[in-house]
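Listed below, chain by chain, are the residues.
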Amino acid sequence: QVQLVESGGGYVQVGGSLRLSCASSGRTFSRLNMGWFRQAPGKDREFVAVSWSGGGTAYADSAKGRFTISRDNAKNTVSLQMNSLKPEDTAVYYCAAGTVTFTIRKERYDYWGQGTQVTVSS
């Protein structure tokens, strides 16, 4: 079992930055693929970024060039640095963990945090 706890959400103006963090416990963190997803009101949950357990990252097109995912296996944490935020980035952001590599499908992630709200105001 894996427990995930997100933090760092909040309210920011267009063009601003936020850093989300996710703390994991309960299973060997270094073996987990750690992803960030988001869900806006009335929309499906969508992939944002992932850090693979074996190294490497992947991003949604909407996140490329603006968001950076990083992990610290010693601290069992994964972070998402979000820059140049836009109103369309407004959503609840979820941290997710899974063991199936090279997938960005939310159905293949086994563990989820409770989510943290990000609101970008224009």
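Look up: the structure comes first, before these words.
First, a word on what this report is: a plain description of the structure on this page. (Residues numbered from 1 in each chain as written. Predicted model: local features only at pLDDT ≥ 70, side-chain atom pairs only at ≥ 80, totals over all residues. Heavy atoms only, no water.)

## Notes on unusual backbone geometry
Moving on, step 1. Residue S84 is not a glycine yet carries a positive backbone phi of 50°.
Moving on, step 2. Summarising the element assignment, S84 is placed in the loop between β8 (77-82) and β9 (91-98).
Moving on, step 3. Here the phi dihedral of F102 falls at roughly 60°; this positive angle occurs in a residue that is not glycine.
Moving on, step 4. Structurally, F102 can be placed in the loop between β9 and β10 (111-112).
Moving on, step 5. Here F102 falls in the exposed class, since its relative accessible area comes to 68%. (Helix = DSSP H or I, 4+ residues; strand = E, 2+ residues; numbered from the N terminus. Buried < 20%, exposed > 50% of the residue type's maximum accessible area, 1.4 Å probe, protein only.)

## Re the nonpolar core
Moving on, step 1. Ranked by size, the top nonpolar core spans 27 residues in total, and within it M34, W36, L80, M82 and Y93 carry the most contacts.
Moving on, step 2. Sorting the residues of this core by element identifies β3 (18-25), β4 (33-39), β5 (46-51), β7 (67-72), β8, β9 and β11 (116-121) as the ones contributing at least two each.
Moving on, step 3. Sorting elements by how many residues they give to this core places β9 first, with 4 residues.
Moving on, step 4. F47, V50, W52 and A60 belong to the second-largest nonpolar core, a separate cluster that totals 7 residues. (Core = buried A, V, L, I, M, F, W, Y, C linked by side-chain atoms within 4.5 Å.)

## Section: the state of the cysteines
The term disulfide refers to a covalent linkage connecting the sulfur atoms of a pair of cysteines.
Moving on, step 1. Enumeration over the complete set of coordinates arrives at 1 disulfide.
Moving on, step 2. Between the sulfur atoms of C22 and its disulfide mate C95 the distance is 2.1 Å. Taking the sign of the S-S torsion, about -80° here, the bridge from C22 to C95 comes out left-handed. With C22 in strand β3 and C95 in strand β9, the pair connects residues that are 73 residues apart, well separated along the chain. (Disulfide = S-S within 2.5 Å.)

## Here's the deal with the pairing of β5
Along any regular strand the residues' side chains alternate between the sheet's two faces.
Moving on, step 1. With 5 of its 6 residues buried, β5 lies for the most part within the structure.
Moving on, step 2. In this sheet, β5 lies alongside β4 in antiparallel orientation, the contact comprising 5 bridges. Paired with M34 across the bridge in β5 is S51.
Moving on, step 3. Linkage of β4 to β5, two consecutive antiparallel strands, is achieved through a turn of 6 residues, within which G42 is found at a positive phi near 75°.
Moving on, step 4. Across 3 bridges, β5 lies against strand β6 (residues 57-59) in antiparallel orientation. Within β6, the residue paired with A49 across the bridge is Y59.
Moving on, step 5. In this antiparallel pair of consecutive strands, β5 and β6, the connection spans 5 residues, and G55 shows a positive phi of 110°. (Pairing = 2+ DSSP bridges.)

## Some details on the side chain of S79
Moving on, step 1. Looking at the element boundaries, S79 is found in strand β8.
Moving on, step 2. Side chain to side chain, S79 and S21 meet in a polar contact 3.5 Å long. (Polar contact = N/O pair within 3.5 Å; in protein donor to acceptor, adjacent residues only side chain to side chain.)

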